[in-house]
Amino acid sequence: MNVKGKVILSMLVVSTVIVVFWEYINRNPEVGDSSIQKGWWFPSWFSNGTHSYHEEEEDIDKAKEQRKEDEEELQLSDWFNPHKRPEVVTMTGWKAPVVWEGTYNRAILENYYAKQKITVGLTVFAVGRYIEHYLEEFLTSANKYFMVGHRVIFYIMVDDISRMPLIELGPLRSFKVFEIRPEKRWQDISMMRMKTIGEHIVAHIQHEVDFLFCMDVDQVFQDTFGLETLGQSVAQLQAWWYKADPDEFTYERRKESAAYIPFGQGDFYYHAAIFGGTPTQVLNITQECFKGILQDKKNDIEAEWHDESHLNKYFLLNKPTKILSPEYCWDYHIGLPSDIKLVKISWQTKEYNLVRNNV
């Protein structure tokens, strides 16, 4: 083919391409539309795909931002106001809050923890006659007042599962019952619970809950025991000693004991009837206390107040991140002084002559 022929053929090809492209634009208004001149040469499926991709990016960014907000740590100042109760101690020397009625904002706490979808565990031991005397009322009241509106697992340790009372639990509540070995002395029952709690945390509790409380069975809930009590490491002020001077506390004063606290030392006297925190922290509490108990056994000594003496030594060395006022574990035999605004849990009558005869 000569040069002239090649030129004519090239012109025909170019003309055909222009005509076909012009027809394509006319039949695809989204390409020809002047409002989207950028990228007008892309086919419609690619353009739409690009648009959707940007929308997905925006959605992902929004989701990340929301998740960041949800995961933001709740600041103490957001929910706690120590100045609301000037007549009592509301802040420790190490800046841990002492929670009293009126110092916390429950609405802010509810809003924060609702996003976290937390589960809270509660361990309780009942052996021998403690089952008949206390367990049913403890569980019934806990079902009504403990962490209302949030998932709860009750871990119930008994020495005879056949005597476990039948309790109808509310929504979001469940329980697990474990049979434990009976001990000959009530002191050993009290001290061995530290070992048992630690074993259960390692075996399963650490995978099941976000926070864990350990409580004595001979008490009853009287009002909401709520989110304001949650923390890394939570201690309970003992009702009879919360106004006393540390040198008056019934700490273990014998140097031979692992629970020994000398005069001149101490912050508060803590009640072993309630303690808690994250599973990791509670595991550390129970392991260290049990270690002290074993050391005392080896040295043929028993701390004055058993596991409570060791708990006080632990919290002296490892300061709790939150302390609960005596309103959370009150003994009405003291009366009802003006600084006790709302009792959350009260002691049951201590019928030791009946329930401690386990031999």
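It should be emphasised that the depicted structure is a prediction, and the values quoted were computed from it without experimental measurement.

**A few points about the layout of surface pockets**
Consideration 1: Taken as a whole, the second largest pocket holds about 510 Å³ of empty space.
Consideration 2: For the second largest pocket, the lining is made up of 18 residues, of which Glu73, Leu74, Tyr113, Leu230 and Gly231 are closest to its centre.
Consideration 3: Of all the secondary structure elements, the ones that give two or more residues to the lining of the second largest pocket are helix H4 (76-79) and helix H5 (106-116).
Consideration 4: Its residues assigned to classes, the lining of the second largest pocket shows 10 nonpolar, six polar and two charged.

**Examining the sheet that holds strand S9 (residues 322-324)**
Consideration 1: Strand order in the open sheet made by the eight strands is S1-S9-S7-S8-S5-S2-S3-S4, with mixed pairing throughout. Looking at strand neighbours, the two that pair on one side only are strand S1 (98-99) and strand S4 (173-179), the edges of this open sheet.
Consideration 2: Strand direction decides the pairing type here: strand S5 (residues 211-215) and strand S8 (residues 270-277), joined by four bridges, are antiparallel. Across the sheet, the residue bridging to Phe213 is Gly276, located in S8.

**Concerning the environment of Glu308**
Consideration 1: In this fold, Glu308 is placed in helix H9 (residues 307-317).
Consideration 2: We classify Glu308 as buried; its relative accessible area is 10%.
Consideration 3: C-alpha separation for the pair Glu308 and Glu252, spaced 56 residues apart in sequence, amounts to 9.6 Å.
Consideration 4: If we ignore the near neighbours within four places in the chain, the residues touching Glu308 are Tyr269, Tyr270, His271 and Ala272.
Consideration 5: Only 2.8 Å separates the side chain of Glu308 from the side chain of Tyr269, close enough to count as a polar contact.

**Concerning helix H6 (residues 130-145)**
Consideration 1: Taking 1.5 Å as the rise per residue, H6 with 16 residues should run 22 Å; its terminal C-alpha atoms sit 21 Å apart, in good agreement.
Consideration 2: Burial in H6 covers these residues: Tyr130, Ile131, Tyr134, Leu135, Phe138, Leu139, Ser141, Ala142, Asn143 and Tyr145.
Consideration 3: One or two steps after H6, the chain reaches Met147, where phi turns positive at roughly 50°.

**Some thoughts on the pairing of S5**
Consideration 1: The buried fraction of S5 is high, at five of five residues.
Consideration 2: Neither face of S5 is exposed, since Phe211, Phe213 and Met215 on one face and Leu212 and Cys214 on the opposite face are all buried.
Consideration 3: Bridge count for strand S2 (residues 119-126) against S5 is five bridges, and the pairing is parallel. By the bridge assignment, Thr123 is partnered in S5 with Cys214.

**Comments concerning the nonpolar core**
Consideration 1: Counting 81 residues, the largest nonpolar core has Leu135, Phe146, Phe213, Met215, Phe221 and Phe225 as the members making the most contacts within it.
Consideration 2: At eight residues, H6 tops the list of elements feeding residues into this core.
Consideration 3: With near-sequence residues (within four places) excluded, Phe225 lies in contact with Tyr145, Phe146, Met147, Phe213, Met215, Ile274, Leu324, Tyr328 and Ile345.
Consideration 4: One finds Phe249, Ile261, Tyr269 and Leu316 within the second-largest nonpolar core, a separate group that totals five residues.

**Describing the packing of aromatic side chains**
Consideration 1: Enumeration according to the criterion identifies 22 aromatic pairs in this entry.
Consideration 2: Consider the rings of Trp94 and Phe268, whose centres lie 6.3 Å apart with planes at 70°: the pair is edge-to-face. Of this pair, Trp94 sits in the loop between H4 and S1 while Phe268 sits in the loop between strand S7 (233-237) and S8; the two residues are 174 residues apart in sequence, bridging distant segments of the chain.
Consideration 3: The partly exposed category is assigned to Trp94, whose relative accessible area is 26%.
Consideration 4: With 6.5 Å between their ring centres and 85° between their planes, Trp241 and Phe249 make a pair best called edge-to-face.
Consideration 5: By relative accessible area, Trp241 is classed as partly exposed at 24%.
Consideration 6: Among the residues examined, Phe249 registers a relative accessible area of 5% and is labelled buried.
Consideration 7: In textbook terms, an aromatic cluster arises when at least three aromatic residues are bridged by ring pairs, as seen for Phe138, Phe146, Phe154, Phe213, Phe221, Phe225 and Tyr328.

**Quick word on the pattern of salt bridges**
Consideration 1: Evaluated as defined, the whole model comprises 14 salt bridges.
Consideration 2: The residue Glu199 makes a salt bridge to Lys195 at a minimum N-O spacing of 2.6 Å. Residue Glu199 and its partner Lys195 are located together in helix H7 (residues 186-208), separated by four residues, close to a single helical turn.
Consideration 3: Lys195 gets classed as partly exposed once you look at its relative accessible area, which sits at 31%.
Consideration 4: The salt bridge partner of Asp267 is Lys319, with a shortest N-O separation of 2.6 Å.

Calculation rules
- Residues numbered from 1 in each chain as written.
- Predicted model: local features only at pLDDT ≥ 70, side-chain atom pairs only at ≥ 80, totals over all residues.
- Heavy atoms only, no water.
- 1 Å grid on protein atoms, 1.4 Å probe; cavity = no way out; pocket = protein on both sides within 12 Å on 5 of 7 lines; lining within 4 Å.
- Points joined across faces, edges and corners; volume = space filled by probe spheres on them.
- Helix = DSSP H or I, 4+ residues; strand = E, 2+ residues; numbered from the N terminus.
- Nonpolar A, V, L, I, M, F, W, Y, C, P; charged D, E, K, R; others polar.
- Pairing = 2+ DSSP bridges.
- Buried < 20%, exposed > 50% of the residue type's maximum accessible area, 1.4 Å probe, protein only.
- Contact = heavy atoms within 4.5 Å.
- Polar contact = N/O pair within 3.5 Å; in protein donor to acceptor, adjacent residues only side chain to side chain.
- Expected span 1.5 Å × (residues − 1).
- Core = buried A, V, L, I, M, F, W, Y, C linked by side-chain atoms within 4.5 Å.
- Phe/Tyr/Trp six-rings, centres within 6.5 Å; stacked < 30°, edge-to-face > 60°.
- Salt bridge = Lys/Arg side-chain N within 4 Å of Asp/Glu carboxyl O.

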